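Below are the chains, spelled out letter by letter.
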Amino acid sequence: MLRNLLTAVHAAIAVGFIALIGALALAFGVVSFSTPSLPDFTDVEVDLTLPDEARIVRVEPIRLDCRARVFAEVPVEGRREHRAFGQVYRTDRIELRAYGDVDTCVDGTGTRVDHHDDGTTDIVVDAESIVFVRPRVDAVRTAATVDVDKDAIGKLVDAFPWVDDNLGLTPAAYAYAQNVIGSSRCMEAAYAVTQDILIDAYRDQAIEQGVDPDRLSVAIEGEPRFTDPDPVELGDVELWAGSDGVSCRASDDLGGGGASRSDL
């Protein structure tokens, strides 16, 4: 019996020693066991599509000789009506005076210079090559004139934190003013002044190049094509030029101090 007891004790010691060795091996990474893989019940497929990178799609040569700058003032008024169940419950209004300008340029292929045997020189500008480009609004100067009125209901509703009070009236009014500045009616109103500036500019350039001013003739043939820019998508915002009309004038430092006015 004693012998069986000693055998059991020796077996227990051996098992304990083996377990200790195994634990140390696992602790120090000598032995590792892989757990059985379980089925994945939350498998998610992700499909990522990267947007196309920005790229240049077209390059066109431009031959423009810009000779004059037209300054414009555009009084803009507008409103946006908010409706519910077919009834207007709130009206937002905006008023501003937009200050901006547009350049008067001539296509480089639209001017003809003829030197005659008798020493005279004729410069003829094709009026259809005269274009009005880059209409823009002076945002800093215009910002000081912006007045937005949300009426009593609008001010009350905007007080709630979950209400978006970005009306979008100001950027829409800026875009509208820019279109008016570049409009055909504004450019046509200023053309009487810019025409004289163009003639003087070509004349001065020819004289600087050695042409005798007494034997020099500069003329513009025809009439420009006054085109309108693409209309602005205003959505539910209604905008119009104020009762003061649109005032266009040429840059004073280019010799065109006169003013021309167009009531839109």
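Residues numbered from 1 in each chain as written. Predicted model: local features only at pLDDT ≥ 70, side-chain atom pairs only at ≥ 80, totals over all residues. Heavy atoms only, no water.

Another point: the environment of His 115. Counting through the fold element by element, His 115 comes out in strand E3 (residues 111-115). In the structure, His 115 is positioned 101 residues away from Leu 216 in sequence and 9.5 Å away in space, judged by C-alpha atoms. In contact with His 115, other than residues within four places in its own chain, are Thr 120 and Thr 121. There is a polar contact of 3.2 Å between the side chain of His 115 and the side chain of Thr 121. (Helix = DSSP H or I, 4+ residues; strand = E, 2+ residues; numbered from the N terminus. Contact = heavy atoms within 4.5 Å. Polar contact = N/O pair within 3.5 Å; in protein donor to acceptor, adjacent residues only side chain to side chain.)

Now for the nonpolar core. Membership of the largest hydrophobic core comes to 39 residues, with the highest contact counts inside it found for Val 76, Ile 130 and Leu 239. Counting residues per element, this core draws most heavily on helix H4 (residues 169-181), which supplies eight residues. (Core = buried A, V, L, I, M, F, W, Y, C linked by side-chain atoms within 4.5 Å. Buried < 20%, exposed > 50% of the residue type's maximum accessible area, 1.4 Å probe, protein only.)

Turning next to the pairing of strand E1 (residues 64-84). Where E1 lies against strand E2 (residues 87-107), 20 bridges are found, and the strand directions are antiparallel. In the strand pairing of E2, His 82 is matched with Arg 90. Between E1 and the antiparallel strand that follows it, E2, lie two residues; Phe 85 among them carries a positive phi value of about 55°. Bridging between E1 and strand E8 (residues 237-241) involves five bridges; their strand directions are antiparallel. In the strand pairing of E8, Gly 78 is matched with Leu 239. (Pairing = 2+ DSSP bridges.)

A few words now on the side chain of Thr 142. With respect to the helices and strands, Thr 142 occurs in helix H2 (residues 139-143). Within the structure, the side chain of Thr 142 is placed 2.7 Å from the backbone oxygen of Asp 138, a separation counted as a polar contact. Contacts of Thr 142, omitting those with residues within four sequence positions, involve Leu 96, Arg 97, Ala 98, Tyr 99, Val 137 and Tyr 174.

This brings us to the packing of aromatic side chains. Taken as a whole and assessed by the stated rule, the structure comprises two aromatic pairs. Centre to centre, the rings of Tyr 191 and Phe 226 are 5.9 Å apart; their planes meet at 70°, and the pair counts as edge-to-face. Taken together, the positions of Tyr 191 in helix H5 (residues 184-208) and Phe 226 in the loop between strand E7 (216-221) and E8 put the pair 35 residues apart, joining distant regions of the chain. With relative accessibility at 5%, the residue Tyr 191 sits in the buried group. Under the relative-accessibility criterion, Phe 226 is labelled partly exposed at 22%. (Phe/Tyr/Trp six-rings, centres within 6.5 Å; stacked < 30°, edge-to-face > 60°.)

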